[in-house]
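Commentary on secondary and tertiary structure
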Amino acid sequence: MNLFSYEQASNAAAAIDLAKAGNAPRYLGGGTNLVDLMREDIERPDMLIDITQLPADIEPRSDGSLLIGAAAKNTALAADSYVRSALPLLSRSILAGASAQIRNMATVGGNILQRTRCRYFYDDAAHCNKRHPGDGCDARDGFNRYHAILGASPSCVATHPSDMCVALAALDARLHLKGPIGLRSMPFLDLHRLPGERPDIETDLQPNELITAVEIPPLPFARRSTYRKVRDRASYAFALISVAAAVDIDEAGKVHDARLALGGVAHKPWRALKAEAVLKGAPANVESFRAAAEAELAAAIGLKDNGFKIELAKRTIVAVLDELKGEGA
Ligand code: SF4
């Protein structure tokens, strides 16, 4: 049995002070992933610091940006009227994840920091470099249908499980952080790491650093955006492939600007910058969309069970962009 203490923090400074006193503290939001990991004996904190009293406001600002308190519930963010109209890809990505009950509990900060659902990571009898660096990776030759096709390493082929994070990657979100050394902000795309030789180190957060808010900069053309998730069953399943996209098409029928990110493909939410570069200035048609998809997936490598995801990703990109083109401005 792993004994731990439970503390409640009324603000970020108090949470950080509490964390400094622990040997292996963990911040507790909705607990929808952390508690599972504790039940499986994968996570063994000596202190849980409840941070659900931290700011949960969802604030559209006059410059068109949006500030989201990290304690905001996933349900509240998906249902927010501004998010639904101005950032439909964000609302749809959240609604594509988990179940209504889990979304009611889960916080935005916790969603961002949830850990992979690789089955070998959760199986203490399996070899897993993420649990025990240097132990090996049973997923490489095991059941790897859900595993990575981009950015993987010999050490780890896990994927990041979040849907919401795929939309945040497409939207160029920034994180507001508070830690023992003070305040800072970080591009969301810099938070999660590729596995390399240390898949156990998943983010570039400092020890005891806390995500206090997520900021989404203005992006007017995100009104024409969406999120599509391809999975093995219609609900309560992780993505085989997902695509978050926003596109700005000019009056001449060319792509003026585009944002594209993929889920289910890598150890981190995958911003598709190569595809975006191909799209900008190209005619908004299926040929351009396919060329963009080919460019992004050129470096993809399939494993025993997931090679089909390379073509699936390409087709999903094309289908999503074609759908957005048909929506009009
Ligand atoms: Fe562990 Fe990563 Fe291998 Fe899964 S893919 S068993 S998380 S090292």
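Residues numbered from 1 in each chain as written. Predicted model: local features only at pLDDT ≥ 70, side-chain atom pairs only at ≥ 80, totals over all residues. Heavy atoms only, no water.

What about the UniProt feature "domain: FAD-binding PCMH-type" (unreviewed entry) in the chain?
Operational definition: UniProt positions are given in the numbering used here, feature names are shortened, and annotations may be inferred rather than shown by experiment. Note on conventions: DSSP H or I runs of at least 4 residues are helices, E runs of at least 2 residues are strands, and numbering of each starts at the N terminus.
In this numbering, the UniProt entry assigns the feature "domain: FAD-binding PCMH-type" (unreviewed entry) to residues 1-221. Taken end to end, residues 1-221 comprises 24% helix and 17% strand; its first and last C-alpha atoms sit 52 Å apart.

Thoughts on the sheet that holds strand β10 (residues 241-249)
Two modes of strand pairing occur in sheets, parallel and antiparallel, and in both the strands are linked by backbone hydrogen bonds. We count it as follows: Paired strands are those between which DSSP finds at least two bridges. Should any heavy atoms of two residues lie within 4.5 Å, those residues are counted as being in contact. Axes, fitted as lines to C-alpha atoms, cover a helix only where it is in contact. Angles between the N-to-C directions of the axes lie from 0 to 180 degrees.
Overall, antiparallel pairing links the 4 strands, which are arranged β9-β10-β11-β12 in an open sheet. Across the chains shown, the open sheet's two edge strands, defined by having one partner strand only, are β9 (225-230) and β12 (270-271). Sitting on the sheet, helix α11 (residues 308-327) is in contact with β9, β10 and β11 (255-263), with an inclination near 35° to β10.

With respect to the domain arrangement of the chain
The test is simple: For the domains described, the bounds stem from an automatic or database domain assignment.
For the chain, the assigned domains read domain 1 (1-54) and domain 2 (229-327). Computed from C-alpha atoms alone, the centre-to-centre distance between domain 1 and domain 2 is 37 Å.

Side note on unusual backbone geometry
Convention followed: Categorising residues by exposure relies on relative accessible area from a 1.4 Å probe, with only protein chains included: less than 20% of the type maximum marks a residue as buried, more than 50% marks it as exposed, and the intermediate range marks it as partly exposed.
Backbone geometry at Ala98 places phi at a positive 55°, although glycine is not the residue there. Residue position: Ala98 is located in the loop between α5 (88-95) and α6 (100-105). With a relative accessible area of 32%, Ala98 lands in the partly exposed category. With a phi close to 55°, Tyr236 is a non-glycine residue in the positive phi region. Here Tyr236 shows up in the loop between β9 and β10. According to the relative accessible area criterion, Tyr236 is partly exposed, its value standing at 47%.

A short note on the side chain of Thr316
Its place among the elements puts Thr316 in helix α11. For Thr316, a relative accessible area of 5% translates into the label buried. Residues within four places of Thr316 in sequence aside, it is in contact with Arg228, Val230, Ile241 and Val243.

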